Every structure is written in C-alpha cells, then in structure tokens.
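Spelled out, the chains give:
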2 protein chains.
Amino acid sequence: MANLADDIEAFLKRLLRESSTVEIQRAMLASKFNCAPSQINYVMTTRFTPVHGYVVESRRGGGGYIRIVRLNMEKGEALHTLVHQRIGQRLTQEDGYAMLSFLLERKLVTEREASIMAAALMQESLAMDPPYAERIRATVLKAMLLALSRH
Amino acid sequence: MANLADDIEAFLKRLLRESSTVEIQRAMLASKFNCAPSQINYVMTTRFTPVHGYVVESRRGGGGYIRIVRLNMEKGEALHTLVHQRIGQRLTQEDGYAMLSFLLERKLVTEREASIMAAALMQESLAMDPPYAERIRATVLKAMLLALSRH
DNA sequence: TTACATTAAGGTCAGAGAACGTCAAACGAA
DNA sequence: TTCGTTTGACGTTCTCTGACCTTAATGTAA
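What counts, and where the lines are drawn
Residues numbered from 1 in each chain as written. Chains lettered and ligands numbered in written order. Predicted model: local features only at pLDDT ≥ 70, side-chain atom pairs only at ≥ 80, totals over all residues. Helix = DSSP H or I, 4+ residues; strand = E, 2+ residues; numbered from the N terminus. Buried ≥ 20, exposed ≤ 12 C-beta atoms within 10 Å, placed from the backbone. Contact = placed C-beta atoms within 7 Å. Pairing = 2+ DSSP bridges. Axes fitted to C-alpha atoms, helices over the stretch in contact; angles between N-to-C directions. Near = placed C-beta within 6 Å. Nonpolar A, V, L, I, M, F, W, Y, C, P; charged D, E, K, R; others polar. Core = buried A, V, L, I, M, F, W, Y, C linked by C-beta atoms within 7 Å.

### Quick look at the overall build of chain A
Looking only at helices and strands, one finds eight helices and three strands in chain A. Listing every helix and strand of chain A by position from the N terminus yields α-β-α-α-β-β-α-α-α-α-α. Going through the 151 residues of chain A one by one, you find that 26% of them count as buried. At a minimum sequence separation of 6, the contacts of chain A that also span at least 24 residues come to 46%.

### Points about the sheet that holds strand S3 (residues 65-70) of chain B
Residue and element names in this part refer to chain B. As summarised here, the arrangement of the three strands in space is S1-S3-S2, forming an open sheet in which the pairing is antiparallel. Of all the strands in the sheet, just strand S1 (21-24) and strand S2 (54-59) have a single pairing partner and so form its edges. Strand-to-strand, the axes of this sheet are offset by a mean angle of 15 degrees, without reference to chain direction. Here S1 runs beside S3; their pairing, made up of four bridges, is antiparallel. Across the sheet, residue Glu23 finds its bridge partner in S3, namely Arg67.

### So, the protein's contact with DNA strand C
As a structural note, the neighbourhood of DNA strand C is formed by 26 residues, with Arg26, Ser38 and Gly64 of chain A together with Arg26 and Gly64 of chain B the closest of them. Of all the elements in the fold, those that place two or more residues in the surface near DNA strand C are helix H2 (26-32), helix H3 (37-47) and strand S3 (65-70) of chain A together with helix H2 (26-32), helix H3 (37-47) and S3 of chain B. Across the surface near DNA strand C, the residue classes break down as six nonpolar, 16 polar and four charged.

### Observations regarding the pairing of strand S2 (residues 54-59) of chain A
Residues and elements named next belong to chain A. Relative to S3, S2 is paired through six bridges, and the arrangement is antiparallel. Residue pairing across strands places Glu57 opposite Arg67, the latter belonging to S3. Hairpin connection, S2 to S3: the antiparallel pair is bridged by five residues, and Gly61 has positive phi, about 75 degrees.

### As for the protein's contact with DNA strand D
Every one of the 28 residues lining DNA strand D counts as a neighbour, but Cys35, Ser38 and Gly61 of chain A together with Ser38 and Gly61 of chain B are closest to it. For the surface near DNA strand D, the secondary-structure elements that each account for two or more residues are helix H1 (4-18) and H3 of chain A together with helix H1 (4-18) and H3 of chain B. Within the surface near DNA strand D, the residues separate by chemical class into ten nonpolar, 14 polar and four charged.

### Observations concerning unusual backbone geometry
One can expect most non-glycine residues to show negative phi and most peptide bonds to be in trans. Positioned with a positive phi, Asn34 of chain A is a non-glycine residue whose angle comes to about 55 degrees. Mapped onto the elements of the fold, Asn34 of chain A is located in the loop between H2 and H3.

### Section: the nonpolar core
Met117 and Ala120 of chain A together with Met117, Ala120, Val140 and Met144 of chain B are the most contacted members of the largest nonpolar core, which totals 41 residues. Excluding residues that lie within four positions of it along the chain, Met144 of chain B makes contacts with Met117 and Ala120 of chain A together with Ile116, Ala119 and Ala120 of chain B. Of all hydrophobic cores here, the second largest spans eight residues; its members include Leu12, Val43, Tyr54 and Ile68 of chain B.

Written out as structure tokens, the structure reads:
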C-alpha cells in the first residue's frame, strides 16, 4: 500500500474535489513526488480513464500540460450505463437510433445534439471501403454539419 | 501555459472581435511581445489559416503589413462552405478540430455540440482494424456520450 | 528618365529547446 | 510466480529563434 501511484492519485483527486478540472505539468508533478515523469502517465492510464469517470487531455511542446477533467457521474449516470452496459463491441444503426430517442425522451440531449449524433451514426457516414480513418472522418463531419443546418 | 503563441493569438482575436480586419506590422507586434519577428509568422500559420476561418494577407517592403481578415459568414453559409469547400475527401483530426473551434468562436455550435463532434472525430473513435461500420459506430457513440457527460 | 543603390519591410527554413508519450525491462509485494 | 509498479531510454509534437532571402518603396546620380 501507500505506493507512489496511489499517492499521486490521491493528490490529484483531492484537487479534483475542489474543481472539476486540474491542469498540471508532468515534470513538476514528477519532481514533487520524486519519480520519473513517465510515472505520471502510468497514473493517468490506470486511474483516470473514462471508465473511472475522468478524461485526460494534454499538449506537448513549450507550455505543454496535462489536464484532467472530472466527468459528472450523477448527472451522467444514464449515459454511463449506456456506454458501459448497453453498447457492446458492435452496434447497429437501429439500436443506435433507439438509444438516441431514449436520450431525447429523458431530455439528456437536445434535438440538435441528437441530430448531430444520428448523423455520425448514419450508415452512409460509416460504410466505406476501404475505410481509412481520414475519409470516414470527412464524411462524418459533413454529415454532422448538414444535420445542424436543418435547425 | 502562458506560451507566447497563445498570448499573441488571444491578443489578435480580441482585436478581431471588434472588427473583421486587423492590420499589423510584424516588427511592432514582435517587439510588443518581446519575441523574434518570425514568431508572428508561426502564429499566423498555426492559428489563422482558412480552416480556422481567417485569411492572412501581407505585403513586404516599405509600408509593409500583415492583414488578418476574419471570414464573415452567416450561419447557413458557413456550414455550407465548410461542407462543400473546406472538407475534401479526407480530413485530418487536426483540421477537423480547427473547424470545430471556428464553429465555436462564431457561436454556430454550443460547447456541448462541439464536444460531441470532437468525440466523433477522435482518432480513437475512427481507427479500427478492420473497421467494420458497426464496430466504428459503437466506438463513436461511446465517445459522444462521454463527451456529453462533461457538461 | 533610367539605372542603381539603399532602406524598409515581410518570408522561409533549419535547428534548438521544451514538453509530453511509449515501451520494454527491472523491480517488488502478495 | 504473478501482476501491478517504477524507471529510463528513446520518440513525437509544439514552440521559438536567428540567419539568410525576397520584395517594395524611395533616394540619387547620370
């Protein structure tokens, strides 16, 4: 117990109780805990994943940082249930749309938001052969923007 | 974290909220921020590209200048332009995110909406091998829902 | 007027520096 | 042994600078 990773986790979570976002510099934090900088990455990947309710963003280069964002679990409980229990490895378009109308009913998303997501899930947005990521992404974004322009 | 490029970007964008055109002298701006003149070019090429919604014109020699023009578009027009002119057959994550910040700056999307779209464009959402549509869609929807729970 | 020189801009590019990321190997407690 | 932890070497990305280049306006002498 009381190993380094746990200490760093505790330290960060204490900060995250104050505010929903914490921004640190990797080298700073590492020197504060007298460890290798890569230890910070280890803590991020083992303790601050979306499954744990956090999202980690970072930027390299001068002025770089690591930012941890605490997800709103209570408010997002339905969302987390969907993410972690209802959506498996695969998802059909119909099932996806069904979830969207569920989210709409519960007023967890606005109509605009639902239409954005529907666009991203459209068969036409995702079916590509060969499906290189950049091509798919272009199609997806176009679809989402077109969906927006209907409102 | 207080890097120069971000400061200069913020300074210029504040000016660009007042008027749609800003004209500066490179050396002036550089000395105002205590940096090398070429730093200004760096800011231009990384933050004020057409994808970000800006056009930069300049002239050398005596009386030279750098002029930044904010592309001013109505809502429908902006979306239409993005879809039909800025997004080609392929789209990198970087360019996609730049467009999202363009949409946010112009208040054409809310932060929630932008974060949904960012999620759909994430490399992790789209890079799958082999990328059958149903698998991609599952990843994409998970990502979008997680994005929602940040608000 | 022409031609050339000077001065006053901005442009480009390579390289250094500043962060963060990855991964395999070593370590260590249960 | 096993599995989570920890480190260090090496990689990638973003920022920033300085030397050198190009272009435009102006001044000057023939």
